[in-house]
Amino acid sequence: MEIRAELAKAERHPCELLLLFSFESPERPEGVLSRVDEAWKGVISALMKQGDFKGESDECRLLHTQGALPARRILLAGLGKKEDFDLEKWRGAASKAGQFIRDCGLKTFSFAIERMERFSDEELAESFVTGLLLGTYQYTEYKTVGRDKIKEIMEMVLLVEQAERLKLVQDRVKMGTVISDAVCMARDLVNGPSNSITPAALVEKARRMANVYSMGIQVLEVSEADTLGMGAFVAVAKGSQEPGKFIVLEHNRDRGFDTLVLVGKGITFDSGGISIKPSDGMERMKDDMSGAAAVLGTLEAAAQLQLPLHLIGIIPATENLPSGKAYKPGDILKTLSGQTVEVISTDAEGRLILSDGLTYGLRYKPKAVIDLATLTGACVVALGDYVMGLFGNDEALVKRIEEASAKTGEKVWRMPLWDEYFDYIKSDVADFKNVGTRAGGAIIGAIFLSKFVEKTPWVHLDIAGPASITKDRPYIPKGGTGAGVRLLVQLLRDWK
Ligand code: BES
Ligand code: ZN
Ligand code: ZN
């Protein structure tokens, strides 16, 4: 969808459809709505008085103007109660209206932005674009039957009334577009099946990004990772015929900016390995590279927005499969950090590949390390799929993440990392085990990771719940969600 902002007045603007919003049961139409109503001789206020449009949230009424206005159609969309209004509601409303317009088969529409309640027009513009692009996302790559029936909006024109606001609004429209496109790119990777989204496919994606945005890239083959001493990553990778890859992408090298490391779990399919998972629902495990997708999406947005930060994206990518060459319960692995791990379950593979990813990241002496991983089913048991588990060893960094979460609506919930939990992974034969008890499983996974970040400020986001969902949400269609991209880009935008 092409989105642009232009200087125009809604009531004088010719278009296929003009979208107008209203809060629930207003005394009378307000703002742009009232001016269009006036130009249309009170048709809208009459309709509202009659109770044919109440402004309830998700309500949509399509009207034909029959030549009475330059706009051929008006879509009245409800925002619900004024006192409940916030940017999250707004993104949902933009999404709902977008889906309605798309399903009508229209290819273009216009919408006049104005300030509402406590929000400026430019921040509303960014959130509108976000809700619209994310809510109308569709994954159609493998649909071959009825392709001609797939509906898609091609263009949206945002109308701005005051010339002095245009540039501001345009900048935020660009911001919203870049970030939403990055989220959709991550969703495509998560929705893609594991026979297509292999470690090599992630490399290809990373290489393309490196070319387009002049990023540094380094891809270690499993043999090279072995030579370096990444015994944990190599153990997981060696069970699969599909070659594992250890990807390092670098934005803004040697420019004196703060260095931040992002590590994403890139298990392109998690069968559990020798500790094989039950077959019921195993297809979902194609999403076990959602952390990697979030890192790629974040770097893409950061590069497009030219964020003044030195960013390192680290993606250990491999399948986790059983085979004659696979690692086994009881094996003892030597990690890149030098610490040894006794394998209890080959299904706790994420923490193994991440441990080497984290240790590798410390080479850059970062100001902070953040990892994202579909790490534990236990986190889904604890928190459900609306929210990410947030773990961290540094209060300031945790606070930054919580602030980014509040701004974006990507929910996080702080979980503890007390030393006592380490008792669960003490091993008789190695430095620690890769599994503790089922109880407290998400925390135990995080405690394991904490052993690989030394004193560096670090946050671990367990995205096992929100990475992909089975029911549509206001602006997140079911399937891969691109969880983490908006959160991290917000963190980077606000980094000082
Ligand atoms: N990829 C899974 C975690 C997962 C489970 C993500 C369900 C999304 C939905 C991870 O590799 C795994 O299998 N973890 C085990 C850990 C256990 C063996 C300690 C789990 O959660 O059961
Ligand atoms: Zn697993
Ligand atoms: Zn996994």
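Residues numbered from 1 in each chain as written. Chains lettered and ligands numbered in written order. Predicted model: local features only at pLDDT ≥ 70, side-chain atom pairs only at ≥ 80, totals over all residues. Heavy atoms only, no water.

Caption draft 1: Looking closely at the coordination of the zinc ion (ligand 2). Looking at the zinc ion (ligand 2), the protein donor atoms are Asp270 (OD), Asp347 (O), Asp347 (OD) and Glu349 (OE), and they sit 2.0 to 2.2 Å from it. Metal-centred angles of 70 to 167 degrees between the six donor atoms at the zinc ion (ligand 2) mark the site as irregular. Each donor residue of the zinc ion (ligand 2) belongs to the same chain, and together they define the spacing D-x76-D-x1-E. Distance-wise, the zinc ion (ligand 3) is placed 3.2 Å from the zinc ion (ligand 2), both being coordinated by Asp270. Here Asp270, found in strand β10 (residues 266-270), pairs with Glu349, found in the loop between β13 (340-342) and α10 (350-362); they are 79 residues apart in sequence, far enough to count as distant. When its relative accessible area of 3% is taken as the criterion, Asp270 is described as buried. Judged by its relative accessible area of 1%, Glu349 is buried. (Donors = N, O, S within 2.8 Å, 3.2 Å for Na, K, Ca; no water. Tetrahedral: all angles 85-135°; square planar, octahedral: opposite > 155°, others 65-115°. Helix = DSSP H or I, 4+ residues; strand = E, 2+ residues; numbered from the N terminus. Buried < 20%, exposed > 50% of the residue type's maximum accessible area, 1.4 Å probe, protein only.)

Caption draft 2: Layout of the environment of Glu161. Following the sequence through the fold, Glu161 ends up in the loop between β6 (155-160) and α5 (163-191). On the accessibility criterion, Glu161 (30% relative accessible area) is partly exposed. Here the alpha-carbon distance between Glu161 and Glu114, two residues 47 residues apart in the chain, equals 8.2 Å. Ignoring sequence-local partners within four residues, the contact set of Glu161 consists of Leu7, Ala8, Lys9, Ala10 and Arg35. (Contact = heavy atoms within 4.5 Å.)

Caption draft 3: The sheet that holds β13, seen in detail. Read across the sheet, three strands follow the order β12-β13-β17 without closing on themselves; strand pairing throughout is mixed. Each of the sheet's edge strands pairs with one partner strand only, and the pair in question is β12 (332-334) and β17 (432-433). Pairing of β13 with β17, which is carried by two bridges, proceeds in the parallel orientation. Of the residues in β17, the one forming a bridge with Glu342 is Lys433. (Pairing = 2+ DSSP bridges.)

Caption draft 4: Main features of the coordination of the zinc ion (ligand 3). Those donors, Lys265 (NZ), Asp270 (OD), Asp288 (OD) and Glu349 (OE), are the protein atoms that reach the zinc ion (ligand 3), and they lie 2.0 to 2.4 Å from it. Of note is the zinc ion (ligand 3), whose six donor atoms meet at the metal with angles of 78 to 173 degrees in an arrangement that counts as octahedral. Positions of the donor residues of the zinc ion (ligand 3) along the chain correspond to the pattern K-x4-D-x17-D-x60-E.

Caption draft 5: Summary view of helix α9 (residues 290-304). Given a rise of 1.5 Å per residue, 15 residues ought to cover 21 Å, and the 21 Å separating the end C-alpha atoms of α9 matches this to within 8%. In terms of burial, α9 is a largely internal element, 14 of the 15 residues being buried. Note on α9: the residue one or two positions beyond its end, Gln306, has a positive phi of about 50 degrees. (Expected span 1.5 Å × (residues − 1).)

Caption draft 6: Structural detail: the packing of aromatic side chains. Applying the stated criterion across every chain yields a total of 19 aromatic pairs. A ring pair is formed by Phe111 and Phe128, whose centres lie 4.4 Å apart and whose planes are at 20 degrees; its orientation type is stacked. Of this pair, Phe111 sits in strand β5 (residues 108-112) while Phe128 sits in helix α4 (residues 121-135), placing them 17 residues apart in sequence. For the pair Phe111 and Phe128, a shared accessibility class is recorded, and that class is buried. (Phe/Tyr/Trp six-rings, centres within 6.5 Å; stacked < 30°, edge-to-face > 60°.)

Caption draft 7: View of unusual backbone geometry. Residue Asn252 is not a glycine yet carries a positive backbone phi of 65 degrees. Located in the positive-phi region is Glu454, a residue other than glycine, with phi close to 50 degrees. You can see Glu454 is positioned in the loop between α13 (441-450) and β18 (458-462). With a relative accessible area of 63%, Glu454 lands in the exposed category.

Caption draft 8: Quick peek at the nonpolar core. Of all hydrophobic cores here, the largest spans 63 residues; its most connected members are Leu202, Leu296, Ile401 and Leu461. When residues of this core are assigned to their parent elements, the largest contribution, 10 residues, is made by α5. Discounting residues that sit within four places of it in the chain, Leu202 has contacts with Leu189, Ile197, Ile247, Thr268, Met289, Ala292, Leu296 and Ala317. Ala232, Ala373, Leu375 and Ile443 belong to the second-largest nonpolar core, a separate cluster that totals 46 residues. (Core = buried A, V, L, I, M, F, W, Y, C linked by side-chain atoms within 4.5 Å.)

Caption draft 9: Geometry of the site of ligand 1. Within the structure, ligand 1 sits among 16 residues, and Asp270, Lys277, Asp288, Asp347 and Gly377 are positioned closest to it. The side chain of Asp270 places a nitrogen or oxygen atom 2.8 Å from an oxygen atom of ligand 1. Burial of ligand 1 by the protein amounts to 79% of the accessible area it has alone, namely 510 Å². The residue makeup of the shell around ligand 1, split by class, is four nonpolar, four polar and eight charged. (Near = heavy atom within 4 Å. Polar contact = N/O pair within 3.5 Å; in protein donor to acceptor, adjacent residues only side chain to side chain. Areas by Shrake-Rupley, 256 points an atom, 1.4 Å probe, with all protein chains shown as cover. Nonpolar A, V, L, I, M, F, W, Y, C, P; charged D, E, K, R; others polar.)

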